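This is what each chain is made of:
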Amino acid sequence: MTTATPATVAEQYAYLRTTVGVYTPGAALVTLGGLERGEVLSRALARDSEYVEPDTARESLILNEDATVWDAVTHIELDDTSRLLAHSRADLAGLLEKTAADAGVQDVEITDAADHVAIAFEGPKSWQIAADLVDFEISSLVLHGATAVTLPGDGGAEGVLARIGTTGEYGYLLIAPADSGAAEWVAARAAELGGGAAGAEALLRARTEVRHPQIPAQSEGLTVREAGLEWLVSWGREDEFRGGEALAAAEEAGRGLITVLAEAGQAPAAGSTVEAGDRAIGTVHLVAPLAGADQEIALALLDKPFDVPGLELTGRTADGTAVTLRTAASPVVIPQSWNERLGA
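Cut-off values and rules
- Residues numbered from 1 in each chain as written.
- Predicted model: local features only at pLDDT ≥ 70, side-chain atom pairs only at ≥ 80, totals over all residues.
- Heavy atoms only, no water.
- Axes fitted to C-alpha atoms, helices over the stretch in contact; angles between N-to-C directions.
- Helix = DSSP H or I, 4+ residues; strand = E, 2+ residues; numbered from the N terminus.
- Parallel < 35°, antiparallel > 145°, perpendicular 65-115°, else oblique.
- Contact = heavy atoms within 4.5 Å.
- Nonpolar A, V, L, I, M, F, W, Y, C, P; charged D, E, K, R; others polar.
- Pairing = 2+ DSSP bridges.
- Left-handed = near helix turned anticlockwise from the far one by under 90°.
- Salt bridge = Lys/Arg side-chain N within 4 Å of Asp/Glu carboxyl O.
- Buried < 20%, exposed > 50% of the residue type's maximum accessible area, 1.4 Å probe, protein only.

Would you mind showing me how to read the packing of helix α2 (residues 37–44) against helix α3 (residues 92–103) here?
When two helices pack together, their arrangement is captured by the angle between the axes and the distance separating the axes. Put simply, α2 and α3 touch, their axes get as near as 9 Å, and they point 105° apart. Here α2 lies roughly perpendicular to α3, going by the angle between them. Residues Val 40, Arg 43 and Ala 44 of α2 lie in contact with α3, whose contacting residues are Leu 95, Leu 96, Thr 99, Ala 100 and Ala 103. Looking at the contact of α2 with α3 residue by residue, the classes come out as 6 nonpolar, 1 polar and 1 charged.

Pasting the structure below:
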């Protein structure tokens, strides 16, 4: 992508919250075709895919056999093709091929779509870019909807646009041929709107504010329930799927993740102990700093029943200084998109 990275993380964060931030999501993009692709999806994904409608986009976990998190994927379902975008793992195609082989599935085509790119753009003005890609009113592309689009340029290449995001703002995911110029076009349109590229630190902050799942940072070393990822799993399934037996046998979690807030400049140290009075009740799991912000945000893994909003606890900065941590409900910001009409 040719867009120049802004000088500071704060600028990148401001793009996401006030105009539009652009980034390249995921680590692997895989296309599935064939009459039996549904069987492979059903066995691989932790969310039930039997009744998924065409022209939709959703997210799901893929589990290890012990029911720990292998990765999260964005699943876009079209009429005759399924696309999976792995959030952090590059070996998604290999996992799907093994799944198909173990299930004896033959009528499926699994393609590592390295000749395509995924481009994400999110923010209260991101819909203006999406509107240029469709020939209908952009508000008609509802959340979790997907549609085929013709990309700008003389070539008339085909792409897929899905309305799905990670920051609580309006968000879109565009999948396009790598040689179509789509990434450069999105970057240029974002610049026209006063936006630009958003990097990992800015995304970490924006996603943590709305508790969007961040894999593997959020799930590392935790069960699905401890990480607060239950909504990315279909519980009570009777069909066979990867990690299903271990998931069904899993005990209720004795601890859970909760958003904690500290005063500006008092960020708790990741891995440090959280205390209630003189009692150690958990640890800081993930910190999302942002220079110039009026508060620090982190996720803490706390023993139950301390993983609830409204408590004042004690954490530690990197030098061991005690700081007050306040547990908070999510989201901790009001996204601008919530107060701005789509297509206005």
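The discussion continues.
Just to check I follow, could you spell out the sheet that holds strand β10 (residues 171–177) for this structure?
Whenever strands of a sheet pair, they do so through backbone hydrogen bonds, lying parallel or antiparallel. Read from one edge to the other, the open sheet built from 6 strands follows the order β8-β9-β10-β7-β1-β11, with strand pairing classed as mixed. Only two strands of the sheet have a single partner each, and these edge strands are β8 (146–150) and β11 (196–197). Sheet topology places strand β7 (residues 116–122) next to β10; 7 bridges connect them, and they run antiparallel. Bridge pairing in β10 places Ala 120 opposite Leu 173. Set on the sheet, helix α5 (residues 182–192) makes contact with β1 (21–23), β7, β10 and β11; between it and β7 the angle comes to about 15°.

What is the right way to look at the packing of helix α1 (residues 9–18) against helix α6 (residues 200–209) in this model?
Their axes nearest at 8 Å, the elements α1 and α6 cross at an angle of 50°. Relative to α6, α1 is oriented oblique. Like other packed secondary-structure pairs, α1 and α6 cross with a definite hand, here right-handed. Residues Val 9, Gln 12, Tyr 13, Leu 16 and Arg 17 of α1 pack against Glu 201, Ala 202, Leu 203, Arg 205, Ala 206 and Glu 209 of α6. Among the residues forming the contact of α1 with α6, the class breakdown is 6 nonpolar, 1 polar and 4 charged.

What is the right way to look at the pattern of salt bridges in this model?
Where charged atoms of side chains with opposite charge meet at close range, the side chains can pair. Overall, the coordinates contain 16 salt bridges when judged by the stated rule. Residue Lys 98 pairs with Asp 102 through a salt bridge whose shortest N-O separation is 2.8 Å. With Lys 98 and Asp 102 both in helix α3 and 4 residues apart, the pair spans about one turn of that helix. Residue Lys 98 is classed as exposed on the basis of its relative accessible area, which comes to 53%. Its salt-bridge partner being Glu 226, residue Arg 255 comes within 2.8 Å of it at the nearest N-O pair. With Arg 255 in strand β12 (residues 255–263) and Glu 226 in the loop between α6 and α7 (244–249), this pair connects stretches of sequence that are 29 residues apart. We classify Glu 226 as buried; its relative accessible area is 10%.

Please explain the sheet that holds strand β4 (residues 69–77) as it appears in this structure.
One open sheet accounts for 5 strands, arranged β3-β4-β5-β2-β6; its pairing is antiparallel. Two strands in the sheet have a free side with no partner beyond their single neighbour: β3 (56–63) and β6 (109–112). For this sheet the average axis-to-axis angle between neighbouring strands, irrespective of direction, equals 25°. Pairing of strand β2 (residues 28–33) with β6, which is carried by 4 bridges, proceeds in the antiparallel orientation. Paired with Val 30 across the two strands is Asp 112, which belongs to β6. Here α2 sits on the sheet and contacts β2, β3, β4 and β5 (82–86); the angle it forms with β2, its principal contact strand, is near 135°.

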